[in-house]
Amino acid sequence: MILSFPAPPSIDLSRVRLDIRSLQPRLVEWRRQLHQHPELGFQEHLTAELVSRILTEHGIDHRTGIAGTGIVAAIAGNSPGPVLAIRADMDALPIHEENDVPYRSRHDGKMHACGHDGHTAIALGTAVYISQNRHLFKGIVKIIFQPAEEGPGGAKPMIEAGVLRNPDVDAIIGLHLWNNLALGTIGVREGALMAAVECFDVHVQGKGGHGAMPHQTVDAVLAGAQIVNALQSIVARNVNPIDPAVITVGKFHAGTARNVIADTVHLGGTVRYYNRDLEGFFPRRIEEIVAGICQGYGASYRFDYWQLYPALINDSRIAEFVRSIAVDVMETPAGIVPECQTMGGEDMSFFLQEVPGCYFFLGSANPDRGLAYPHHHPRFDFDESVLGMGVEIFVRCVEKFLAI
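On a predicted model such as this, the values are computed, not experimentally measured, just so you know. (Residues numbered from 1 in each chain as written. Predicted model: local features only at pLDDT ≥ 70, side-chain atom pairs only at ≥ 80, totals over all residues. Heavy atoms only, no water.)

1. A look at helix α7 (residues 281-297)
Across its 17 residues, α7 extends 25 Å between first and last C-alpha, which sits within 8% of the 24 Å expected from 1.5 Å per residue. By the burial criterion, the buried members of α7 are F281, F282, I286, I289, V290, I293 and C294. On the buried face of α7, the contacting elements are β8 (196-205), α6 (220-237), β10 (245-254), β12 (264-273) and β13 (300-309). Two residues or fewer after α7 comes G298, characterised by a positive phi angle close to 80 degrees. (Helix = DSSP H or I, 4+ residues; strand = E, 2+ residues; numbered from the N terminus. Expected span 1.5 Å × (residues − 1). Buried < 20%, exposed > 50% of the residue type's maximum accessible area, 1.4 Å probe, protein only. Contact = heavy atoms within 4.5 Å.)

Pasting the structure below:
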């Protein structure tokens, strides 16, 4: 059962057509229902049931159970033509919500703290609208409801399950509600938008002993500290200064007492970059530094490295296409923010490696209403007026890309 909530104050949606504006109350209801029942990656069973039920109620053909909990809807226009895909992610985060709102999470320790509930509601609204207006376009629209963007990643298994085939997708678009941008702005650019995400763990094995007798030990903490410092030299001295990159050591665990020299250290971190030519460079260089320092201190090590997501690279032609839609919706180029890159990662990147496409940010922050907390914060929320705007942008993309 979909619950009803008081509609929030909204911005001027004059550029959103009336029949999409009439969807706004349902978009809010769907989003809030999803928000109340957040589920982690590959556990989105209630979410998938809600999505499937709404699609069924509106007579929209769809497949469920793809890569576990994923769903793909296919909506045909009035004649054969190209295939445009729209992707939305459905999963939540392991965060305990601190918002005092009627629609707060009912699942302790789980929260939609990144806007995926809004993405799913926008995709549902788009599906409902275009299914009722098939005369406006030719070809096919595939709407992909993806699990597990936050990890371990649902895009790749959905691709492997064939969501971009039968019929083959010609282009794909997606959006991310973005509290780093104000409501009424859109971040769209060609090329790199989000970074590759890679991770590493280092286990340093030394020889413990008494803090007053260091000559009898191999100090793993000292070796680990040197590793942390030396890793920063990679970006500073081994990467071209015009190529953004980040190495962050986010955890460092060692020791049990002040007067005991630890025999082991475990440290772990993440690597971010845009330039695909750097793929494979960081694991090699990080291990060289780890090996050299451990050899110098007489320690041994174990090194693990893995890639989560590649860099998200927008196709220049599709990015310009989305930008042209955004300018029309915003009525002015001033609402378009091209310098919107982030070192955050997104597994939409896997889709963009397969077919041309564009991923863009839709500004959702409204500081005047206290809706400006950052993503992944326990008080994250966004101005729901953005939901209708998201549907309008997607619908215009469908109409223009699949023009009769």
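2. Some details on the nonpolar core
Ranked by internal contacts, the top residues of the largest apolar core, which has 69 residues, are L55, I130, I143, F145, V322 and I393. The element that contributes the greatest number of residues to this core is helix α10 (residues 386-401), accounting for 10 residues. Among all residues touching I143, those that are not within four sequence positions of it are I71, V72, A73, I75, I86, A123, T126, A127 and I130. Judged by nonpolar contacts, the second largest core, of 28 residues, contains V265, L267, Y273 and I293. (Core = buried A, V, L, I, M, F, W, Y, C linked by side-chain atoms within 4.5 Å.)

3. Points about empty space enclosed by the protein
To find leftover empty space, one rolls a probe the size of a water molecule over the atoms. Across all of its chains, the model carries 1 cavity of 30 Å³ or more by this definition. Empty space within the largest cavity amounts to approximately 30 Å³. The wall of the largest cavity is formed by A196, Y273, R276, E279, Q307, P310 and A311. Tallied by class, the residues present in the lining of the largest cavity amount to 4 nonpolar, 1 polar and 2 charged. (1 Å grid on protein atoms, 1.4 Å probe; cavity = no way out; pocket = protein on both sides within 12 Å on 5 of 7 lines; lining within 4 Å. Points joined across faces, edges and corners; volume = space filled by probe spheres on them. Nonpolar A, V, L, I, M, F, W, Y, C, P; charged D, E, K, R; others polar.)

4. Focus on the layout of surface pockets
The volume enclosed by the largest pocket comes to roughly 350 Å³. If you trace the largest pocket, you find 16 residues lining it, with E150, R272, G344, G345 and H376 closest to the centre. Broken down by secondary-structure element, the contributors of at least two residues to the lining of the largest pocket are β5 (171-182) and β13. Residues of the lining of the largest pocket, tallied by class, amount to 6 nonpolar, 6 polar and 4 charged. Its volume calculated, the second largest pocket comes out at about 190 Å³. V101, Y103, R369, L371 and D381 are, among the 14 residues lining the second largest pocket, the residues nearest its centre. Classifying every residue of the lining of the second largest pocket by side-chain character gives 6 nonpolar, 2 polar and 6 charged.

5. Overview of the sheet that holds β13
With antiparallel pairing, the 4 strands of this open sheet are ordered in space as β10-β12-β8-β13. Bordering the open sheet on either side are β10 and β13, each of which pairs with just one other strand. Going from strand to strand, the sheet's axes swing by 15 degrees on average, the running direction of each strand aside. Of the pairings in the sheet, the one linking β10 to β12 comprises 9 bridges and is antiparallel in character. If you follow A254 over to β12, its bridge partner there is V265. Where α6 meets the sheet, it contacts β8, β10 and β12, and its direction lies at approximately 170 degrees from that of β10. Lying over the sheet, α7 contacts β8, β10, β12 and β13, oriented at roughly 165 degrees with respect to β13. (Pairing = 2+ DSSP bridges. Axes fitted to C-alpha atoms, helices over the stretch in contact; angles between N-to-C directions.)

6. Some details on the UniProt feature "domain: Peptidase M20 dimerisation" (unreviewed entry) in the protein
What UniProt calls "domain: Peptidase M20 dimerisation" (unreviewed entry) maps, in this numbering, to residues 200-275. Within residues 200-275, the helical portion is 24% and the strand portion 39%, while the C-alpha atoms at the span's ends are 19 Å from each other. (UniProt positions renumbered as here; feature names shortened; annotations may be inferred.)

7. What about the pattern of salt bridges?
In this structure the tally under the stated criterion is 16 salt bridges. Ionic pairing is found between R32 and E384, a salt bridge with its closest N-O pair at 2.6 Å. Within this pair, whereas R32 is found in helix α2 (residues 24-36), its partner E384 is found in the loop between β16 (357-365) and α10, the two being separated by 352 residues in sequence. Here R32 matches E384 in class, with each residue buried. Between E392 and R396 there is a salt bridge whose closest N-O contact spans 2.6 Å. One end of the pair, E392, and the other, R396, are both in helix α10, 4 residues apart, so they sit about a helical turn from each other. Exposure remark for E392: the relative accessible area of 0% places this residue in the buried category. Shared partners join several salt bridges into a network, and the residues in it are R17, D328, E392, R396 and E399. (Salt bridge = Lys/Arg side-chain N within 4 Å of Asp/Glu carboxyl O.)

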